[in-house]
Amino acid sequence: MKKSKGSITLTVFIFLIAFSVFCICAIDAGYIVAARYKAQKITETTALYMVSVLNSKPAEERTAKTLQDIKDGLEDLYSDFSGYSGFKISGIQIKNETTNPKIKIVTETYTPTMFLRYVGIGLIKIIQTSYAKSYEETMQLVKSDPDSYTYKTGDIITDKNGNDIKVDYSGDYFIFAGLEDFDKQIHWAQIGSMTKDNKKTYHISNTALNYKAQCILNKGGTFFDLSSDPDKTIGLVKYIKIYKADCTDNKDNSADLPQAEITPSSDPVVTILNSVKLIKRNDF
């Protein structure tokens, strides 16, 4: 009987030891999986930001050297990130430099273990890879009338590096960006001031609030940068509205938007510039 009790005690002891080792490994494994997930998100964000910067540069400047300052800054930032040590961007590869560039980013970092350090495994090296590309998207015309055009995008337009929107139109026009709230109401803000191309300012007073609006005079393609106006910041844009106009007169003020007398032969084309997205390895 005593021998039988001794065998049971030994079996239970061995089981508890094995179970404790299993729990220790499971805790560290879960911690490492979470660390790998965060590291992958950091790598993806880095790839998206870097390809956006590249696409805002001239083709001859779309090189890894252009990204050096950004690389150094991100390494300094994430080296002190909670749960990581020794973060570095170990690889940058660029393709399609002359058109819509693609980028491959490889990062390396170390994450400490909780229990495995007591058996000599204090740090686990994590290597993550991400691919991203820039692209352009033509906005969809969803509504038009004799005086205006309304365009919509499936994704929101955010302010990124460089120009954000291009409008191809052969006539004069006023341009507004639409932001949609939680109740699906659209709030319009004029963005004519956000271009360096030829424009003329009007003081509009046909509503309860007076405001300034810039009439775009440039014939052809006009670029808009949503962060170029120091007096306002526009983000999360989903709609663009273009009002046809005739701004060639000598008026400095107007009670309403000056209407166009001649309608151009083609509708405006609104293109979202410098959009970025993650891609798969096979698409790189």
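I will try to describe carefully the structure that is included in this document.

Basis of the calculations
Residues numbered from 1 in each chain as written. Predicted model: local features only at pLDDT ≥ 70, side-chain atom pairs only at ≥ 80, totals over all residues. Heavy atoms only, no water. Pairing = 2+ DSSP bridges. Helix = DSSP H or I, 4+ residues; strand = E, 2+ residues; numbered from the N terminus. Axes fitted to C-alpha atoms, helices over the stretch in contact; angles between N-to-C directions. Patch = residues over 30% accessible without salt bridge, like charges linked within 9 Å, V, L, I, M, F, W, Y side chains within 5 Å. Areas by Shrake-Rupley, 256 points an atom, 1.4 Å probe, with all protein chains shown as cover. Salt bridge = Lys/Arg side-chain N within 4 Å of Asp/Glu carboxyl O. Lys, Arg positive; Asp, Glu negative; His and termini not counted. Charge placed at Lys NZ, Arg CZ, Asp CG, Glu CD. Buried < 20%, exposed > 50% of the residue type's maximum accessible area, 1.4 Å probe, protein only. Core = buried A, V, L, I, M, F, W, Y, C linked by side-chain atoms within 4.5 Å. 1 Å grid on protein atoms, 1.4 Å probe; cavity = no way out; pocket = protein on both sides within 12 Å on 5 of 7 lines; lining within 4 Å. Points joined across faces, edges and corners; volume = space filled by probe spheres on them. Nonpolar A, V, L, I, M, F, W, Y, C, P; charged D, E, K, R; others polar. Contact = heavy atoms within 4.5 Å.

With that settled, the discussion passes to the sheet that holds strand E1 (residues 85-95). As summarised here, the arrangement of the six strands in space is E1-E2-E3-E13-E6-E11, forming an open sheet in which the pairing is antiparallel. Lying at the two open borders of the sheet, with one neighbouring strand each, are E1 and strand E11 (220-224). Adjacent strand axes in the sheet meet at a mean angle of 20° when their direction is disregarded. Note: strand E3 (residues 123-138) against strand E13 (residues 269-279), seven bridges, orientation antiparallel. From the neighbouring strand, Tyr 135 faces E13, where its bridge partner is Ser 275.

Side chains of Asp 69, Asp 72, Asp 76 and Asp 80 sit close together on the surface and give a patch of like negative charge. When you line up the elements, Asp 69 lands in helix H2 (residues 68-79). The class for Asp 69 is exposed, based on a relative accessible area of 66%.

Judged by nonpolar contacts, the single largest core of 22 residues is most densely connected at Ile 165, Val 167, Ile 191 and Ile 240. Residue assignment for this core shows that the elements contributing at least two residues are strand E5 (148-157), strand E6 (165-169), strand E7 (172-180), strand E12 (237-245) and E13.

Next up on the list: the layout of surface pockets. Roughly 190 Å³ of internal volume is contained in the largest pocket. Contributing to the lining of the largest pocket are Asn 55, Ser 56, Arg 62, Asn 100, Glu 136, Asn 161, Gly 162, Asn 163, Phe 223, Leu 273 and Asn 274. Grouping the amino acids of the lining of the largest pocket by side-chain chemistry returns two nonpolar, seven polar and two charged.

Checked against the element boundaries, Glu 108 lands in strand E2 (residues 102-112). Judged by relative accessible area, Glu 108 falls into the buried class, the value being 15%. Apart from residues no more than four positions distant in its own chain, Glu 108 is found in contact with Gly 86, Phe 87, Lys 88, Ser 90, Lys 125, Ile 126 and Ile 127.

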